[in-house]
Amino acid sequence: MKLNSILAGVLLGVAALGAQAQTVIKFSHVVAADTPKGKGAEFFAKRAAELTKGKVKVEVYANSTLYKDKEEMEALQLGAVQMLAPSLSKFGPLGIKEFELFDLPYLFDDYKDLHLVTDGPVGKSLFQKLETKGLVGLGYWDNGFKVMSANKPLKNPEDYKGLKMRIQSSNVLDAQMRAVGSIPQKMAFSEVYQALQTGVVDGTENPPSNLYTQKMHEVQKHVSLTNHGYIGYAVITNKKFWDALPADVRGQLEQAMKESTKYANDIAKEDNERALEEVRKSGKSQIYTPTAAEKLALKKAMVKVHSEMASRIGKESIDIVYKATNFDPSKL
Ligand code: LMR
């Protein structure tokens with residue numbers, strides 16, 4: 001073997017020894033890539049690589065390809081993955097039921113209301129609770145306001161009676177469906193399409209971006225624009241993993257996360273509007289806009305969940321949100 005190539009080999013070896021091993025972040029989530037969360041995760045991967053100059057590689061696993069809802073939380077705590085962005089409705093099983101505050105029906109009128117809470121003391125105190133589970137909260141990412149769907153028109157509270165409705169693993173959503181006489185079924189997101197197609201459940205609730213990208217509109221004849229609740233996410237990581245990162249790298253990742261949070265929240269509303277247009281264009285579902293009277297009737301039927309769930313979520317945080325958003329259930 002020629003001297004040059006041996007020298008080249010040695011130099012390469014020395015260089016490799018000197019260079020810090022690349023850190024790989026597995027970022028697993030359950031929705032399609034073409035959603036606010038899917039795009040936010042890809043944006044983070046790009047910025048993390050750029051800001052750390054390749055020291056960190058983020059591998060994004062969308063659509064439950066790596067882990068389903070329940071498994072992904074366990075995988076993060078065990079360190080099998082390094083980052084997730086679960087729905088705020090999915091922290092109850094982890095023992096932090098206070099996150100179900102975000103599931104209270106009709107609590108938020110719009111994204112502005114929502115950000116008063118995620119960027120405020122309640123948002124911060126919920127992230128502190130994550131630390132007790134060995135997790136760190138990195139940001140709140142929006143998706144959007146939910147619509148109801150089924151294979152029959154949904155106009156009045158009576159129309160929900162007896163329907164089997166798929167929900168996320170939240171007791172507040174369970175109470176919300178029972179409040180209109182439906183039978184709630186907690187189920188992993190990856191199982192919903194098939195459950196609707198086979199009739200295991202009759203209907204469900206979702207922001208349009210999830211309804212459309214999971215093709216649920218193809219197995220639901222009717223969509224009602226109720227905007228009765230909100231789905232958003234907490235981007236979380238494993239505390240041991242995060243604390244062990246070199247300080248400069250952690251700072252660069254925090255910057256990437258800050259930019260990704262702004263990006264994901266900037267695109268969320270438009271993404272859902274576009275998805276709804278696609279559902280409309282498909283002609284597969286009839287889209288119904290409840291009248292003001294119908295919306296008020298549904299709101300009155302569901303708002304009793306707020307007091308029912310106050311002991312579970314914590315009356316204090318509900319009161320803080322009521323004050324911040326000027327919500328007064330007694331005025332309904
Ligand atoms: C659901 O299970 O319906 C949603 O939480 C999925 C998601 O992450 O948006």
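Owing to the predicted nature of the structure, the values given are computational and were not obtained by experimental measurement.

Undergrad: Is there a simple way to explain the packing of aromatic side chains in this structure?
TA: Ring pairs (aromatic) are described by centroid distance and by the angle formed between their planes. If you walk through the whole model with that rule in mind, you get eleven aromatic pairs. Centre to centre, the rings of Phe43 and Tyr263 are 4.4 Å apart; their planes meet at 10 degrees, and the pair counts as stacked. You can see Phe43 sitting in helix H2 (residues 36-51) and its partner Tyr263 sitting in helix H10 (residues 247-282), a full 220 residues away along the chain. Its relative accessible area of 23% is what places Phe43 among the partly exposed residues. On the basis of relative accessibility, which here comes to 27%, the residue Tyr263 falls in the partly exposed class. Centre to centre, the rings of Phe127 and Tyr140 are 4.3 Å apart; their planes meet at 5 degrees, and the pair counts as stacked. Taken together, the residues span a long stretch of sequence, with Phe127 in helix H5 (residues 121-131) and Tyr140 in strand E4 (residues 135-145) at a distance of 13 residues. For Phe127, a relative accessible area of 13% translates into the label buried. By way of ring pairs, the aromatic residues Phe102, Phe108, Tyr111, Phe127, Tyr140, Phe145 and Tyr230 are connected into one cluster.

Undergrad: Please explain the sheet that holds strand E3 (residues 83-84) as it appears in this structure.
TA: By way of backbone hydrogen bonds, the strands of a sheet pair with one another, either parallel or antiparallel. With respect to topology, five strands assemble into an open sheet ordered E2-E1-E3-E10-E4, the strand pairing being mixed. Edge positions in the sheet fall to strand E2 (56-61) and E4, since each has one partner strand and no second. In the sheet, E4 pairs with strand E10 (residues 230-238) via nine bridges, with the strands oriented antiparallel. Across the sheet, residue Trp141 finds its bridge partner in E10, namely Tyr233. Seen against the sheet, H2 touches strand E1 (23-28), E2, E3, E4 and E10 and runs at an angle of roughly 165 degrees to E2. Those strands touched by helix H4 (residues 111-118) are E4 and E10, and its axis lies near 170 degrees from that of E4.

Undergrad: Would you take a moment to explain the site of the ligand for this structure?
TA: Taken together, the neighbourhood of the ligand is formed by Val30, Val31, Lys37, Ser87, Lys90, Arg166, Gln168, Phe189, Asn206, Asn210 and Tyr233. A distance of 2.7 Å is found between an oxygen atom of the ligand and a side-chain nitrogen or oxygen belonging to Arg166. Relative to its unbound accessible surface of 270 Å², the ligand loses 100% to contact with the protein. In the shell around the ligand, the residues fall into four nonpolar, four polar and three charged.

Undergrad: Can you walk me through the nonpolar core in this structure?
TA: Generally speaking, a soluble globular protein has its nonpolar side chains buried in company with each other. The biggest cluster of nonpolar side chains holds 41 residues, and the ones touching the most others in it are Phe91, Phe99, Leu101, Phe102, Leu104, Phe108 and Ile236. The leading source of residues in this core is H5, at four residues. Apart from residues lying up to four places away in sequence, Phe108 is in contact with Phe102, Asp113, Leu114, Val117, Phe145, Tyr230, Val321 and Thr325. Membership of the second largest hydrophobic core comes to 39 residues, among which are Ala45, Leu211, Leu225 and Val235.

Definitions and limits used
Residues numbered from 1 in each chain as written. Predicted model: local features only at pLDDT ≥ 70, side-chain atom pairs only at ≥ 80, totals over all residues. Heavy atoms only, no water. Phe/Tyr/Trp six-rings, centres within 6.5 Å; stacked < 30°, edge-to-face > 60°. Helix = DSSP H or I, 4+ residues; strand = E, 2+ residues; numbered from the N terminus. Buried < 20%, exposed > 50% of the residue type's maximum accessible area, 1.4 Å probe, protein only. Pairing = 2+ DSSP bridges. Contact = heavy atoms within 4.5 Å. Axes fitted to C-alpha atoms, helices over the stretch in contact; angles between N-to-C directions. Near = heavy atom within 4 Å. Polar contact = N/O pair within 3.5 Å; in protein donor to acceptor, adjacent residues only side chain to side chain. Areas by Shrake-Rupley, 256 points an atom, 1.4 Å probe, with all protein chains shown as cover. Nonpolar A, V, L, I, M, F, W, Y, C, P; charged D, E, K, R; others polar. Core = buried A, V, L, I, M, F, W, Y, C linked by side-chain atoms within 4.5 Å.

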